[in-house]
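# Understanding the architecture of this molecule
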Amino acid sequence: MAVPPDLIERLVRPGIRALRAYHVPPATGLIKLDAMENPYPWPQALRAEWLEVLRAVELNRYPDPQGRALQSELRSAMGIGSGMDLLLGNGSDELIQMLALTLAAPGRKVLSVEPGFVMYRMIALFAGMDYVGVPLRADDFAVDLPAVLAALGRERPALTFLAYPNNPTGNLFDADAIDQIVAAAPGLVVVDEAYAPFTDASFLARLGDWPNLLVLRTVSKMGLAGLRLGYLVGPPEWINEIDKTRLPYNINVLTQASAAFALRHREVLEEQTGRIRAERARLYRALAEIDGVRPYPSEANFILLRLSSGRATPVFESLKRAGVLIKNLDGAHPLLIDCLRVTVGAPDENDAFIAALKASL
Ligand SMILES: *Cc1c(COP(=O)(O)O)cnc(C)c1O
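All values derive from a computational prediction rather than experimental measurement. (Residues numbered from 1 in each chain as written. Predicted model: local features only at pLDDT ≥ 70, side-chain atom pairs only at ≥ 80, totals over all residues. Heavy atoms only, no water.)

### With respect to the overall build of the protein chain
Along the protein chain, the regular secondary structure elements total 14 helices and 13 strands. For 361 residues, the compact-globule estimate of 2.2 N^0.38 gives 21 Å, and the protein chain sits close to it at 21 Å. Viewed in the frame of its principal axes, the protein chain has a C-alpha envelope of about 60 × 55 × 55 Å. Counting all 361 residues of the protein chain, 51% fall into the buried class. Long-range pairs, those at least 24 residues apart, make up 72% of the contacts in the protein chain with a sequence separation of at least 6. Each charge class in the protein chain can be summarised by its mean position, and for the 37 positive and 41 negative side chains these summaries are 4 Å apart. (Helix = DSSP H or I, 4+ residues; strand = E, 2+ residues; numbered from the N terminus. Rg over C-alpha atoms; globule rule 2.2 N^0.38 Å. Buried < 20%, exposed > 50% of the residue type's maximum accessible area, 1.4 Å probe, protein only. Contact = heavy atoms within 4.5 Å. Lys, Arg positive; Asp, Glu negative; His and termini not counted. Charge placed at Lys NZ, Arg CZ, Asp CG, Glu CD.)

### Here's the deal with the packing of aromatic side chains
Summed over all chains, the structure comprises eight aromatic pairs. Residues W42 and F261 carry aromatic rings whose centres are separated by 5.9 Å and whose planes lie at 40° to one another, so their mutual orientation is tilted. With W42 in the loop between β1 (31–32) and α3 (44–55) and F261 in helix α11 (residues 253–264), the pair connects residues that are 219 residues apart, well separated along the chain. Comparing W42 with F261 shows no difference in burial state: the two are buried. With a centroid separation of 4.5 Å and 5° between ring planes, the pair formed by Y120 and F161 is classed as stacked. Taken together, the residues Y120 in helix α6 (residues 118–126) and F161 in strand β5 (residues 159–163) connect sequence positions 41 residues apart. Judged by relative accessible area, which is 1%, Y120 ranks as buried. Chaining the aromatic ring pairs together yields one cluster made of W42, W50 and F261. Between R275 and the ring centre of Y40, over which it is positioned, the NZ or CZ distance is 4.1 Å. (Phe/Tyr/Trp six-rings, centres within 6.5 Å; stacked < 30°, edge-to-face > 60°. Lys NZ or Arg CZ within 6 Å of the ring centre and 35° of its normal.)

### Quick look at the site of the ligand
Looking at the ligand, there are 14 residues lining it, with D192, Y195, T218, S220 and K221 nearest. A distance of 2.6 Å is found between an oxygen atom of the ligand and a side-chain nitrogen or oxygen belonging to S220. If the ligand stood free it would expose 390 Å²; the protein chains cover 93% of that surface. Of all the elements in the fold, those that place two or more residues in the shell around the ligand are α5 (92–103) and α9 (220–224). Tallied by class, the residues present in the shell around the ligand amount to five nonpolar, five polar and four charged. (Near = heavy atom within 4 Å. Polar contact = N/O pair within 3.5 Å; in protein donor to acceptor, adjacent residues only side chain to side chain. Areas by Shrake-Rupley, 256 points an atom, 1.4 Å probe, with all protein chains shown as cover. Nonpolar A, V, L, I, M, F, W, Y, C, P; charged D, E, K, R; others polar.)

### A look at the domain arrangement of the protein chain
Along its sequence, the protein chain is organised into domain 1 (5–43 + 267–360) and domain 2 (60–264). The C-alpha centroid of domain 2 is placed 23 Å from the C-alpha centroid of domain 1. Contacts between domain 1 and domain 2 engage 30 residues on the former and 32 residues on the latter. Contact between domain 1 and domain 2 buries roughly 2600 Å² in total, counting both sides, with carbon and sulfur atoms accounting for 65%. Among the residues domain 1 hides against domain 2, the three largest losses belong to R277, E299 and L335. Together they make up 22% of the total. For the pair domain 1 and domain 2, the number of links is one salt bridge. With its nearest N and O atoms 3.0 Å apart, the salt bridge here joins R277 to D200. Applying the counting rule to domain 1 against domain 2 returns 10 residue pairs in polar contact (both at pLDDT 80 or more). (Domains from an automatic or database assignment. Buried area = accessible area lost by both parts, 1.4 Å probe. Salt bridge = Lys/Arg side-chain N within 4 Å of Asp/Glu carboxyl O.)

### Some words on the packing of helix α12 (residues 266–288) against helix α14 (residues 347–360)
One way to put it is that α12 packs onto α14 with a least axis distance of 11 Å and a crossing angle of 10°. When the axis of α12 is compared with that of α14, the two are roughly parallel. Contacts between α12 and α14 pair E279, R282, L283, A286 and L287 from the former with P347, N350, D351, F353, I354 and L357 from the latter. (Axes fitted to C-alpha atoms, helices over the stretch in contact; angles between N-to-C directions. Parallel < 35°, antiparallel > 145°, perpendicular 65-115°, else oblique.)

### Things to note about the pairing of strand β4 (residues 130–135)
Sheet topology note: the strand β3 (residues 109–114)/β4 ladder contains six bridges and is parallel. Counted as the bridge partner of V113 is V134 from β4. (Pairing = 2+ DSSP bridges.)

### Topic: the sheet that holds strand β12 (residues 327–328)
Strand order in the open sheet formed by four strands is β9-β10-β13-β12, with antiparallel pairing between adjacent strands. Sheet topology places β9 (293–295) and β12 at the edges, where each strand pairs with a single neighbour. Direction of pairing for strand β10 (residues 302–307) relative to strand β13 (residues 339–343): antiparallel, over a ladder of five bridges. Among the inter-strand pairings, L304 is bridged to a residue of β13, identified as R341.

### Here we look at the pairing of β13
When you tally the buried positions in β13, you get five out of five residues, the bulk of the element. In β13, alternate side chains face the same way, and those of C339, R341 and T343 on one face and L340 and V342 on the other are all buried. When β12 meets β13, the two strands line up antiparallel, connected through two bridges. Each residue of the ladder has a partner; that of N328, found in β13, is L340.

### Notes on the nonpolar core
Ranked by internal contacts, the top residues of the largest apolar core, which has 58 residues, are W42, L70, I178, Y231 and V233. The dominant element in this core, judged by the number of residues it contributes, is α11, at five residues. Counting contributing residues per domain, this core is built from domain 1 (5–43 + 267–360) and domain 2 (60–264), each supplying no fewer than three. Among residues more than four places away in sequence, those in contact with I178 are L162, Y164, F173, V191 and F203. Counting residues in each nonpolar core, the second largest holds 32 residues, with A194, Y195, I276 and V324 among its members. (Core = buried A, V, L, I, M, F, W, Y, C linked by side-chain atoms within 4.5 Å.)

Given below as structure tokens:
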């Protein structure tokens, strides 16, 4: 029996009805440079060793609820001191959701800068919080510090997110500006370091300098996107509260075993992310030489580029016809007009992208 539309209208929250589900475009047969994935596979010997580890995993048992063995691997891999606690999430997206669920109440707000990571706004809405986006500076996507400080005073957000480096712009915000934001914020400030493997900057060592700072990380961009594992680091008092919103056993046994294994062999991932950093420099130089293309400096594993007026969407479509999938950001935000975002791939993928881009211009 058909579901009557008025039943949907009556029951589904208006904010949800107005949404479109997070769209992932099909990429079969395409060179995939749209999702900030690490393009490099593991050496065969390492794969074989990993499969031996999985052989011992007991699928009939629930996972360790806190993922303690994995937490200790993360601590030593990332140099996290004993004064701070960790909380694991099914991707850092789940941790963003736990943060919102912990603080949500009618009229409470989430603040971030824009253009930024879309999940901050989406999850605020899911949790019934209001969202405030403060525009970045138009010329270089830097934080507009006076505007953010004014918004903190006016909106009094319970939760502020800053991606460092920022997605989709790729730049690092000024660390002094972030200091001032954390000091002025009436609520929690989460510095989202999803792109930590591609920059030397971090606020991890600054944890404890303020009572309201947390750092969010993920293993996705370093080369383990398929595992879905994020971690939140901060003072035990906060982690203890946020942990109450975690669904039981949120990190499955295969992820716990595989991530712990990968972190024990992190030199392989570090070598790969090092190659991606070198490729990023080469790709940037190649883009900067093309007439009508303006790449923005990036500390992440992607590059934002602006084309001449009206060219972004036709070029995006032409790249796709040529077998290269990137991200079209034209129309995503007023500051991203004529912009595309390309993930740094393997050298041959980047070459194919550059060739297809030149051909389409
Ligand atoms: C990709 C990304 C994430 C999400 O990472 P997952 O751990 O894969 O959920 C979080 N924050 C930013 C800024 C990102 O770009």
